[in-house]
Amino acid sequence: MNLWNETKSVPISRTMIWDAYKKVRANKGSAGVDEVSMEAFDANRSKHLYKLWNRMASGSYFPPPVKEVEIPKKDGKVRKLGVPTISDRVGQMAVKMYIEPRLEKIFSPNSYGYRPKRNAHQALESVRKNCWKTDWVIDLDIKGFFDNIDHSKLMLALEKHVTEKWVLLYIQRWLNAPVLTKSEKQVEKQGKGTPQGGVISPLLANLFLHYALDKWLEITDRTVKYSRYADDVILHCVSKEHAEQTLKRVKERMKTCRLELHPAKTKIVYCKDYRRKGSYPIVKFDFLGYSFQPRTTKSKKTGKLFLGYDCAISISSRKRIADKLEEAMIGSRGFKSIVGIAQKLNPMIRGWVNYYGKFRGYELSKVFYLLRNRLVRWVRKRYKRYRTSLTRAFKWLDRVRKQYPYLFHHWKMGYS
């Protein structure tokens, strides 16, 4: 296969498109505005990929509108995601893979979101260690960050590291791509915003915040430690005065970058523990599904209990899991055996244990206690002989667990 076609004006090879397609396919995802699913795309893959490559390599590719999808948020509101078509996702992935290595070289080690070989657990570990060393935290919430990224400022940042005009051209086109709302209304961009759900959006968002916040913090106040996962940011300050002063300066900085901090969700937090005994109203904050707060902790050296400051699964995350379990168990009424229920739930349980079991994993027991009760309810509906006795239903479930300790993933991992 000829990797580069000299007659084309843009140096995008078929291999670049093929490698991008493999990544998009592995990530799965739903159809865009053209309603072409991954299965339908695969059925005519050669045609779709050749068409995309031919247009991108000649500079004539224009992305179709982005499909708007609403995802429920934990506060009852909805988060609007923008889903590009599969072809467009492949195009974005090709450009992302082309420029990501050079942008990675400039990004801060304190940035963890949507980056190769970096993850949420590393960000959480960083925040834990900084909380033990520093007394005060600023929990930053940037209001509608992805919807308000300024295109002109983003392109200036991009031009510092990307000289290829074809890359800048396509990124500008993706930024300007209209959104097709649920009511079939096409909304044009007003010089700001990049859709959550776009393949290249997280990389562009990281670049924007690299200059808007990370680099600025490192230049203006090196005493501020921070951890950032995309637009979730935790700053650590040495005193209350330092935190108040830093927050004021960050607000001003965001304003110059045409962003705004959420007034209700941004807060200053005191990391109270056995050493830090001051009395302040806010001693807790949430980050990446975990709650950081004063917690009774057992000393590894002495075995004695003391008041530490640490993280565990948040109440809102527990509630979200409980809701998912309720939803799944309602759908399990048609199952004739507990084996079928286990097969349905285990992929979800495995994900929860892997993520929320990392720090103070025993807190997940509260979630699995609910599941145990829900399974007993299923047993009593399924088998007549247990309808009149709750105790016998629990004993039946305990016998099953003893006989098949690996049936449910949380049983296998030692949870009740």
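Here, every reference points to the structure presented above.
What counts as what
- Residues numbered from 1 in each chain as written.
- Predicted model: local features only at pLDDT ≥ 70, side-chain atom pairs only at ≥ 80, totals over all residues.
- Heavy atoms only, no water.
- Helix = DSSP H or I, 4+ residues; strand = E, 2+ residues; numbered from the N terminus.
- Buried < 20%, exposed > 50% of the residue type's maximum accessible area, 1.4 Å probe, protein only.
- Contact = heavy atoms within 4.5 Å.
- Areas by Shrake-Rupley, 256 points an atom, 1.4 Å probe, with all protein chains shown as cover.
- Lys, Arg positive; Asp, Glu negative; His and termini not counted.
- Charge placed at Lys NZ, Arg CZ, Asp CG, Glu CD.
- Pairing = 2+ DSSP bridges.
- Salt bridge = Lys/Arg side-chain N within 4 Å of Asp/Glu carboxyl O.
- Phe/Tyr/Trp six-rings, centres within 6.5 Å; stacked < 30°, edge-to-face > 60°.
- Axes fitted to C-alpha atoms, helices over the stretch in contact; angles between N-to-C directions.
- Parallel < 35°, antiparallel > 145°, perpendicular 65-115°, else oblique.
- Left-handed = near helix turned anticlockwise from the far one by under 90°.
- Nonpolar A, V, L, I, M, F, W, Y, C, P; charged D, E, K, R; others polar.

Undergrad: What is the right way to read the overall build of the protein chain from this model?
TA: Scanning the protein chain from terminus to terminus reveals 15 helices and 11 strands. Taken over 416 residues, the protein chain has a buried fraction of 48%. Considering only residue pairs separated by 6 or more positions, the protein chain has 67% of its internal contacts joining residues 24 or more positions apart. Looking at the protein chain as shown, the accessible area adds up to about 22,100 Å², and 52% of this sits on carbon and sulfur atoms. Positive and negative side-chain charges of the protein chain, numbering 84 and 39 respectively, have mean locations separated by a distance of 9 Å.

Undergrad: Please explain the environment of Leu 203 as it appears in this structure.
TA: In this fold, Leu 203 is placed in helix α9 (residues 201-220). Along the backbone, Leu 203 and Arg 115 are 88 residues apart, and their C-alpha atoms lie at a distance of 8.0 Å. If we ignore the near neighbours within four places in the chain, the residues touching Leu 203 are Lys 96, Ile 99, Glu 100, Leu 103 and Phe 107.

Undergrad: Any chance you could explain the pairing of strand β7 (residues 232-237) here in plain terms?
TA: The side chains of a regular strand alternate, residue by residue, between the two faces of the sheet. Among the 6 residues that make up β7, 5 are buried, leaving the element largely enclosed by the rest of the structure. Pairing of strand β3 (residues 136-141) with β7 involves 6 bridges; the strand directions are antiparallel. Paired with Trp 136 across the two strands is Cys 237, which belongs to β7. One ladder, built from 5 bridges, connects strand β6 (residues 225-229) with β7; its direction is antiparallel.

Undergrad: What is the right way to look at unusual backbone geometry in this model?
TA: What you tend to see is this: most non-glycine residues have negative phi, and most peptide bonds are trans. You will see that Glu 184, though not glycine, has its phi angle at about 65°, which is positive. With respect to the secondary-structure elements, Glu 184 resides in the loop between β4 (179-180) and β5 (186-187). Although it is not a glycine, Arg 258 sits at a positive phi angle of roughly 60°. Positionally, Arg 258 belongs in the loop between α10 (240-256) and β8 (267-270).

Undergrad: Can you help me understand the pattern of salt bridges in this one?
TA: When charged atoms on two side chains of opposite charge get close, those side chains can pair. Summed over all chains, the structure comprises 21 salt bridges. Across the pair Arg 258 and Asp 150 runs a salt bridge, and its minimum N-O distance is 2.8 Å. Taken together, the residues Arg 258 in the loop between α10 and β8 and Asp 150 in the loop between α6 (145-148) and α7 (151-159) connect sequence positions 108 residues apart. For Asp 398, the salt bridge goes to Arg 372, with nearest N and O atoms at 2.7 Å.

Undergrad: Help me understand the sheet that holds β5 in this model?
TA: Think of a sheet as strands paired side by side through backbone hydrogen bonds, with each pair either parallel or antiparallel. Strand order in this open sheet of 4 strands is β2-β1-β4-β5, and the pairing throughout is mixed. The open sheet has two free edges, formed respectively by β2 (78-83) and β5, since each of these has just one partner strand. Pairing of strand β1 (residues 66-72) with β2, which is carried by 6 bridges, proceeds in the antiparallel orientation. Paired with Ile 71 across the bridge in β2 is Arg 79.

Undergrad: Before we go on, may I ask you to explain the packing of aromatic side chains in this structure?
TA: Any two aromatic rings considered together are summarised by their centre-to-centre distance and by the angle between their planes. Enumeration according to the criterion identifies 24 aromatic pairs in this entry. Both rings, one in Tyr 355 and one in Tyr 356, keep their centres 4.9 Å apart while their planes meet at 85°; by these two values the pair is edge-to-face. Given the relative accessible area of 10%, Tyr 356 is considered buried. Their ring planes at 65° and their centres at 4.9 Å tell us that Phe 408 and Trp 411 sit as a pair that is edge-to-face.

Undergrad: Teacher, can you tell me more about the packing of α7 against helix α8 (residues 165-176) here?
TA: If you want to describe how two helices pack, look at the angle between their axes and the distance between the axes. The contact between α7 and α8 brings their axes to 11 Å, and the two run at 160°. Of the possible angle classes, the one that applies to α7 and α8 is roughly antiparallel. The crossing of α7 and α8 is right-handed. The segment α7 lies against α8, with His 151, Leu 154, Met 155, Leu 158 and Glu 159 engaging Leu 168, Ile 171, Gln 172, Leu 175 and Asn 176. Tallied by class, the residues present in the contact of α7 with α8 amount to 6 nonpolar, 3 polar and 1 charged.

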